[in-house]
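Below, each chain spelled out in residue letters.
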Amino acid sequence: MDTVHTKMAVEDINWYLANKGPAITSTSKLTGFAPVLVEINDLLYRNAINTLAVAIVLVLIVLILIFRSIKYGIITLLPVLFVVSWEPLSFYLLGIDMNLLTALIGAIMIGIGIDFCIHMTENILKSGVRITSVEDAVEKVGLSFFEATVTVTMGISAIFIANIPSINQFVEMVILLLIFSMLCALFVLPALYAVYIKRG
């Protein structure tokens, strides 16, 4: 049972015990695995936004230190934020409910997806920030990004053998958002640099 239906069942049982339960002096709320799971998930949902915000701030600080520039740090981070904004759509397209594992996928994808963008920015900055540098960087790292994405995807696909629904959903989300991260690093980030160069 997914967490949404588990929560509904726990609340229904607790309501019944409080309002229509047996005619005894007292009753207690439901105990056991299900109520604990519901409480943990509620706590995760409340903290998911905070976790995501902290991940964004920490990664931005590191990017600014690496590139010694606020503007290059922000430009490098933007495609990853674009990928994270696709997360709700990914849940909908895959028919996945938020659970203990998928609740924190946004922060995880920032950590994984930023790698592509760092490599792209590094290659652009090496040759100087020009349109030709952007074109060369895409040509140099494009195939490597594709190979890395396919390799990681094949590696973590082995987890599907375990056939545990919640873990399978987590892996599906990681694979989909990893592909989005690669595409954003190859298309969105170079486009952002092109706009920045033309305006600058």
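Along each chain, numbering runs from 1 in the same order as the chain's sequence is written. Two thresholds apply to this predicted model, a pLDDT of at least 70 for residue-level local features and 80 or more for giving and counting side-chain atom pairs, whereas whole-chain, interface and lining totals are computed over all residues. Heavy atoms throughout the structure, all of them, feed into the side-chain values; hydrogens and water do not.

Would you mind going over the overall build of the chain with me for this structure?
Secondary structure elements are taken from DSSP: a helix is a run of H or I of four residues or more, a strand is a run of E of two residues or more, and numbering for both begins at the N terminus. Across its full length, the chain holds seven helices and zero strands. In the chain, the succession of α and β elements from N to C terminus is α-α-α-α-α-α-α. In this scheme, a residue with accessible area under 20% of its type's maximum is buried, one over 50% is exposed, and one in between is partly exposed, where area comes from a 1.4 Å probe on protein chains only. Here the chain, with 200 residues, has 36% of them falling under the buried criterion. The contact rule is simple, with two residues in contact once any of their heavy atoms fall within 4.5 Å. Within the chain, contacts between residues separated by at least 24 positions form 75% of all contacts whose residues are at least 6 apart in sequence. Areas reported as accessible are Shrake-Rupley estimates using a 1.4 Å probe. Residue values count occlusion only from the protein chains shown. Only carbon and sulfur atoms are counted for the fraction: they give 69% of the accessible area of the chain, which is about 11700 Å².

Honestly, the nonpolar core in this entry has me stumped. Any pointers?
Soluble globular proteins tend to bury their nonpolar side chains together. With 38 residues, the main nonpolar core has I105, I110, I114, M120, F145, L177 and Y193 as its most contacted residues. Here this core gets 13 residues from one element, more than from any other, and that element is helix α7 (residues 165-199). Residue contacts for Y193: discarding those within four places in its chain leaves Y72, I75, T76, T121, I124, V129 and V134. To define a nonpolar core, start from buried Ala, Val, Leu, Ile, Met, Phe, Trp, Tyr and Cys residues and group those joined through side-chain atoms within 4.5 Å.

Would you take a moment to explain α7 for this structure?
Owing to its 3.6 residues per turn, the α-helix aligns residues three or four sequence positions apart on the same side. Taking 1.5 Å per residue, 35 residues should reach 51 Å; α7 reaches 48 Å between its end C-alpha atoms and fits that length. The principal kink in α7, of about 40°, is found at C184. In this analysis, the expected span of each helix is defined as 1.5 Å times one less than the number of residues it contains. Fitting one axis to the seven residues ending at a residue and another to the seven starting there, the bend at that residue is the angle between the two axes.

Sorry if this is basic, but what is going on with the environment of V174 here?
Take V174: it is sitting in helix α7. Separated by 66 residues in the primary sequence, V174 and I108 have C-alpha atoms spaced 8.6 Å apart. Here V174 is in contact with I105, M109 and I156, once residues within four sequence places are set aside.

Would you take a moment to explain the packing of helix α5 (residues 105-126) against helix α6 (residues 131-157) for this structure?
Helices that pack against each other are described as a pair by the angle of their axes relative to one another and the distance between those axes. Lines fitted to C-alpha atoms define the axes, with helix axes restricted to the stretch in contact, and inter-axis angles between N-to-C directions lie between 0 and 180 degrees. Between α5 and α6, the shortest axis-to-axis distance is 9 Å and the interhelical angle comes to 150°. For the element pair α5 / α6, the angle class is roughly antiparallel. Of the two possible hands of crossing, α5 and α6 adopt the one that is right-handed. Note on element contacts: α6 touches α5 through S133, V134, A137, V138, K140, V141, F145 and T149, opposite F116, H119, M120, N123 and I124. Residues were grouped as follows: Ala, Val, Leu, Ile, Met, Phe, Trp, Tyr, Cys and Pro as nonpolar; Asp, Glu, Lys and Arg as charged; and all remaining residues, including Gly, as polar. For the contact of α5 with α6, the class distribution of residues is eight nonpolar, four polar and one charged. Should an angle fall under 35 degrees it is called roughly parallel, over 145 degrees roughly antiparallel, and 65 to 115 degrees roughly perpendicular, with every other angle called oblique. Helix crossings get a hand from a simple test, with the near helix turned counterclockwise from the far one by less than a right angle marking a left-handed crossing and a clockwise turn marking a right-handed one.

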